[in-house]
Each structure stands twice: as structure tokens, then as C-alpha cells.
Amino acid sequence: MQKPASISILFHNYYGDDHNWMQFFANELTVPFHLFYNVIGNSYKRIKEENEKAVPVPTPFTPLLQQKIIRRSTNVGKDIGGKLVLMDAYLKLNLKCDYLLLLHDKQSLHQHNGQQWKSNLLRIAEKTYQQKVFEMFLKNPSIGIVASSNAIRNEWDNEQKKNHYTNSSLIETLKKKYGIQPPTLQFVAGTMFWVRAALLESFFSNYAPLAIRATFEEGNVMDDAPTNTHAWERLLCWVVTSQGYQIKGI
Amino acid sequence: MLYSIYYLFGMKALDEQWPSLQYNQVVLCVNANDKNALIECYQKVQNGHPNLSFCLCLSETSKVDSECMNLIISYFFFTGYSQPSGVPVVVLENKSQKGFETFRDALQKSAGKQGFKKIKIIEKKAVGNIVDEYTAAETDKIKYDYKQALKSPVEKSFFIAVSNSSEVTAIEAMLQEVEVAFAAENRTVYNMQMENKTLRENVELLQHRLAVAEQEINHMASHLTVLRSKSQAGSLQQYYNNEYEVLPRWYKQFGHVLKVLRGNRTFRSLFDKAAKKI
């Protein structure tokens, strides 16, 4: 009998509503998991809800929860910044899981189809897809990332036809600095995916997550001009593909 | 309580359970230069005391490298790390003024890059014979000095090195007694001092909330700007017109039949507009 996969969820929460998220994890996860949960200490939603008191984030009611690790960060680097705070905690606690699931409570308030986009991205966490995800990883060792097929893009095909993240000096500098040379510019837009944990562990053991986060922009940075934050939305996937692994959709 | 009591613990103290302190502060003493100690302490806090309310006391702060600096800042992300109004508190041991200032500035700069605009640095002098710290055994001295501090308008921090939770409980009880007795003898002065302290804390809190609210308003304004400027509804309509509306009617009808065959639409909805489509 196959040993169930060990997983850690790295979830960044900006908009609050912790109870519903914990309900989501309790309902949807089908294997034992560690939950890394980042909240933004100076988010208006959180301060409004909690009145600045350290209200403990509720625990998902499921025997599958192995450990709940909560972090409270500043609003730097949007969801990528939050995920790096959690990656830092994951590495320090030396958990060594099989897979990581990167998620956040995306709303995309500036997009007219924000709700639809969020649903598409989050479905990879739903129970109906989990076994399929694990099977994909097991059957094909060359798969590094599994994401919603609607979210997989190639930067060369971006609708805005800008070169912010194809061959701009920003992206070339970052690729060189971190030794990231992806075979294609394929990435997961929205940064929600399953990934083989070892691939990110090896990279972030060499390049500290918080050192990278220190280069990110503060606040609600938009992507109309090239930013480190949005560059890392691509680079996080390219870390995996430049190690010879593929991104597959579900 | 009127003045802050900082209970200084070494890492070994994390092997036992601690009472939660309502008024005062658990301070974990760590060598800022010792990467292994910083990681070990981090793991002990997370695995043994995930709800601990604490701050750090850093010693040996000369020549702290960037790796140790990031390790120190990673503690600020614990939910229990002391951050009144979003400002992390750090106790720094001052063995030399120059070294203290250099490290303080470097810490503030690194923390600033992680989004912490301010840090509250509490200086604990440790120069020669002047050590700004009591041991738990010096109860008479602590009691006397605390009583003297209550009479003074100047704010004072008390650092008390402890090795177990029962020492903390005993000192807390003793100082509570001293403060209650002082309050009874000097009601007006005490009330004014407490009110001053409360007002100061409220001002800091409200400033923090105001900054957060302003930030939220700016975020919403930028979202609205994007929504208005791109006219996404308009471009969506244009896309619909170009890709679908231009097609002949018979082709669209054939498409609906295909949807039914693929299970993307109900058969009944082909004839009844009120029927459920999916």
C-alpha cells in the first residue's frame, strides 16, 4: 500500500475570513498536511476584524492536520512576499515534505473577471483533483509543477505584448543573479500550484527567501511597469523548469 | 502595570511551559551572531510555544552578517512577537556605544526592507560594572527600585533574568502588590500616570489604524483607476462581437446542439428558455 504523500500548504491570506478558509482546508484535504498560513498584520481587513488583538487563527477541524504554523507579515511583495515568509518558516522547521501547495486568497479587484479567475486557480486544492495531482507526479517524474490548465501561460504570448518579463534588463538581471535559465518562458499565472517540495527546498536553501523578499515592492503594486514582485511570479516557476522539470495542467 | 518588566530567558527555559504574562514581557536572550542558536530557538518557539508572546534580547551584536540579520527578522513574523501598533520590540545589549548604534541602524534598515517602517529598540546597558539587569534572587532590590520608579515621572524598563516559571510568578505577584500599595497611597498621581500611559498607547494605535486605512483607500483608488482606464467590459463586449456575434445563426445553433451532446448544456434548454442550461 502506497504511503500517502506528505504535503505542506503555503497559504497567504490578505482579505481575512479565516473561518471559511479553515473550513475549506478541513473539507478539501484528503491527506495529512501541515498548514503554513500567513496573515498581513497591517491589512485593513484584518485590523477591522480583529481590532488589532492577536486573535488566534482558528484550527481546521480535521485529523489530517499535522501542524498549523501561522505567520503575520507586512504587506511586501503581495502574495509572493507572503509565500516567501512561509517558505522561510518551512525551511527553518526542516519538515521535508513531498509536495507543497502554494495558494492565496486572490480577489483581483481590478479585474472584471476576478471571481472566475479565483475559482479556476483554487480548484487544484479541491478534493476531486488531489488524487489526480498525486498520480500525475508519481507516474511522470519529470513533472515539477501541477496547476490549473487555465492558469498556465507563456510569457512570449502575453496579451499585453510587453517585454517586461521576457528579455527586459530586470528579468535578465534576476535570472543571472539566481542562476535561473528556463528552457521556455512557461509559468503559472496567479502563482497557485502544486510543486515537488525538494525543487524549491534546494533553491531556497541557497537563496534565502527573506533576502529575496527584501527586494520586493511594498503595498498594492500593480504590473503596469516591471516590478520585482511580478518578475518573481514567473521566476518561482522558472526555478522549477530550469532544473529540467515540466509544468502540467489539470 | 505602570512600567514594563522584561523577563530575560535563555534558550534552555524553552524546554518547560510558561505562564502567559498579562502585563509584562517574555524576552528570549540570544546571541545575534550565532546562527545555530537563532535557528534552534526559532524551532523551539514554534514547536513548543507557538502561542508565546515574546520579544528578543540580542547580545554580541558586533559583526552580525546578513544571514543572521534575516534570521533575527524572521522572528518578527511570529504572531506572538511583541509588536504594539505594528512596531516590533527588540532589546539590544549595549556593550559599546558605537557597536550598539551600528547594529541598531543595520537592524532598522534590514527590517525596513521587510516592511517594518519602525522598530522599538530598548537599550540594556552591559558595560563593565553597569549591568542594567537584576537576577531573580534580588527581590528586595527589585522591590525597592520598582517603588522608587513609581514615584518618578521618567519611564523605566526593568530587566530581570529568570531561569524558571515559578520565579516569574513570584516576582509578578510581588510587583503587583507594590503597585497596588503605591496606588492606594498616591491615588491621584497613580491614576494620572496610568491615564497618561493609556492615552499614549491609544494615540499610537490610532495612528497605526489611520495609516492602514489610508493605505486601503489608496489601494481601492488604484483598483478603480485600472478598472475605469481599461474599460474591460468594453473590451469583453468587443471580443464577444468579433468572435461570436459575427458567426451565422445556423452555425451558432449547431454549436448549441454540440454542447448538448458533450454534456455542456441540457437538451430541454434548447426549446425552453426557462429551463436550466447546465
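These lines cover the structure that appears in this document, whether it is placed above or below.

What counts, and at which threshold
- Residues numbered from 1 in each chain as written.
- Chains lettered and ligands numbered in written order.
- Predicted model: local features only at pLDDT ≥ 70, side-chain atom pairs only at ≥ 80, totals over all residues.
- Heavy atoms only, no water.
- Helix = DSSP H or I, 4+ residues; strand = E, 2+ residues; numbered from the N terminus.
- Buried < 20%, exposed > 50% of the residue type's maximum accessible area, 1.4 Å probe, protein only.
- Contact = heavy atoms within 4.5 Å.
- Areas by Shrake-Rupley, 256 points an atom, 1.4 Å probe, with all protein chains shown as cover.
- Rg over C-alpha atoms; globule rule 2.2 N^0.38 Å.
- Lys, Arg positive; Asp, Glu negative; His and termini not counted.
- Charge placed at Lys NZ, Arg CZ, Asp CG, Glu CD.
- Expected span 1.5 Å × (residues − 1).
- Pairing = 2+ DSSP bridges.
- Axes fitted to C-alpha atoms, helices over the stretch in contact; angles between N-to-C directions.
- Phe/Tyr/Trp six-rings, centres within 6.5 Å; stacked < 30°, edge-to-face > 60°.
- Lys NZ or Arg CZ within 6 Å of the ring centre and 35° of its normal.
- Patch = residues over 30% accessible without salt bridge, like charges linked within 9 Å, V, L, I, M, F, W, Y side chains within 5 Å.
- Salt bridge = Lys/Arg side-chain N within 4 Å of Asp/Glu carboxyl O.
- Buried area = accessible area lost by both parts, 1.4 Å probe.
- Polar contact = N/O pair within 3.5 Å; in protein donor to acceptor, adjacent residues only side chain to side chain.

## Some details on the overall build of chain A
Here's step 1: In terms of helices and strands, chain A carries nine helices and nine strands.
Here's step 2: For chain A, with 250 residues in total, the buried portion stands at 60%.
Here's step 3: Nonlocal contacts in chain A, meaning residues at least 24 apart in sequence, comprise 82% of its contacts between residues at least 6 apart.
Here's step 4: Accessible area for chain A stands at about 10,400 Å²; split by element, carbon and sulfur atoms hold 50% of it.

## A look at the overall build of chain B
Here's step 1: Within chain B, the secondary structure is distributed over eight helices and eight strands.
Here's step 2: Relative to the globule expectation of 19 Å for 278 residues, the C-alpha radius of gyration of chain B, 30 Å, shows a markedly less compact shape.
Here's step 3: Each principal axis of the C-alpha distribution contributes one length, and for chain B these read about 95 × 45 × 35 Å.
Here's step 4: Among the 278 residues that make up chain B, the fraction classed as buried is 39%.
Here's step 5: The contacts in chain B between residues at least 6 apart in sequence include a share of 71% that link residues at least 24 apart.
Here's step 6: In the form shown here, chain B has an accessible surface area of approximately 16,300 Å², with 54% of it arising from carbon and sulfur atoms.
Here's step 7: Looking at charge distribution, chain B has the averaged site of its 34 positive side-chain charges lying 14 Å from that of its 30 negative ones.

## Points about unusual backbone geometry
Here's step 1: Even without glycine at this site, A:Asp17 takes up a positive phi of about 60°.
Here's step 2: For A:Asp17, a relative accessible area of 38% gives the class partly exposed.

## Some thoughts on helix α8 (residues 249–262) of chain B
Here's step 1: Between its first and last C-alpha, α8(B) extends 20 Å over 14 residues, near the 20 Å set by a 1.5 Å rise per residue.
Here's step 2: Count one or two residues on from α8(B) and you reach B:Gly263, which has phi positive near 85°.

## Thoughts on the side chain of A:Thr191
All names here are of chain A.
Here's step 1: Mapped onto the fold, Thr191 is located in the loop between β7 (186–188) and β8 (193–196).
Here's step 2: On the accessibility criterion, Thr191 (1% relative accessible area) is buried.
Here's step 3: Filtering out sequence-adjacent residues up to four positions away, Thr191 remains in contact with Asp79, Ile80, Lys83, Leu102, His104, Glu233 and Leu236.

## With respect to the sheet that holds strand β5 (residues 143–147) of chain A
What holds strands together in a sheet is hydrogen bonding between their backbones, with the strands either parallel or antiparallel.
All names here are of chain A.
Here's step 1: One open sheet holds the seven strands; their spatial order is β3-β2-β1-β4-β8-β5-β9, and the pairing between them is mixed. Since the sheet does not close on itself, it has two edges, and those belong to β3 (65–73) and β9 (246–249), each with one partner. Here the strands of the sheet are splayed against their neighbours by 20° on average, with no regard to which way each runs.
Here's step 2: Both β5 and β8 contribute to a ladder of two bridges, which runs antiparallel. By the bridge assignment for β8, Ile145 is matched with Val195.
Here's step 3: Sheet strands touched by helix α1 (residues 18–28): β1 (7–13), β2 (33–40) and β4 (99–104). Its angle to β2, the strand with the most contacts, is close to 160°.

## Description of the packing of aromatic side chains
Here's step 1: Scanning the entire structure with this criterion turns up 33 aromatic pairs over all chains.
Here's step 2: Ring plane angle 75° and centroid distance 5.1 Å describe the contact between A:Tyr178 and A:Trp232, whose orientation is recorded as edge-to-face. Taken as a pair, A:Tyr178 in the loop between α6 (169–177) and β7 and A:Trp232 in helix α9 (residues 228–241) lie far apart in primary sequence, 54 residues in all. Summarising the burial analysis for this pair, A:Tyr178 and A:Trp232 share the class buried.
Here's step 3: Through successive ring pairs, a cluster of aromatic residues spans B:Tyr42, B:Phe54, B:Tyr75, B:Phe76, B:Phe77, B:Phe78, B:Tyr81 and B:Phe116.
Here's step 4: A cation sits over an aromatic face here: A:Arg71 above B:Phe78, 4.1 Å from the ring centre.
Here's step 5: Sitting over the face of the ring of B:Tyr42, A:Lys92 holds its NZ or CZ atom 5.5 Å from the ring centroid.

## As for a nonpolar patch on the surface
Here's step 1: Side chains of B:Phe254, B:Val257, B:Leu258 and B:Leu261 sit close together on the surface and give an oily, nonpolar patch of about 400 Å² of accessible area.
Here's step 2: Residue position: B:Phe254 is located in helix α8.

## Looking at the interface of chain A and chain B
Here's step 1: At the interface, 36 residues of chain A touch 36 residues of chain B.
Here's step 2: For the pair chain A and chain B, the two sides together bury roughly 3,300 Å², of which 52% comes from carbon and sulfur.
Here's step 3: Where chain A touches chain B, the interface holds two salt bridges.
Here's step 4: Between B:Lys117 and A:Glu218 there is a salt bridge whose closest N-O contact spans 2.7 Å.
Here's step 5: Linking chain A with chain B are 14 residue pairs in polar contact (both at pLDDT 80 or more), by the criterion used here.
Here's step 6: Every element with two or more residues in the side of chain A that touches chain B is listed here: α2 (44–50), β3, α3 (78–93) and α8 (209–213) of chain A.
Here's step 7: Here the element with the most residues in the side of chain A that touches chain B is β3(A); it accounts for seven residues.

## Describing the pattern of salt bridges
Here's step 1: Within the structure shown, the criterion is met by 20 salt bridges over all chains.
Here's step 2: Salt bridges sharing common partners tie together B:Glu60, B:Glu93, B:Lys95, B:Lys124 and B:Glu133.

## A closer look at the side chain of A:Ser43
Here's step 1: In this structure, A:Ser43 sits in the loop between β2 and α2.
Here's step 2: By relative accessible area, which is 0% here, A:Ser43 ends up buried.
Here's step 3: In this structure the side chain of A:Ser43 is engaged in a polar contact, spanning 3.2 Å, whose partner is the backbone nitrogen of A:Lys45.
Here's step 4: Those residues within four positions of A:Ser43 in sequence are excluded, and the remaining contacts are A:Tyr14 and B:Val212.

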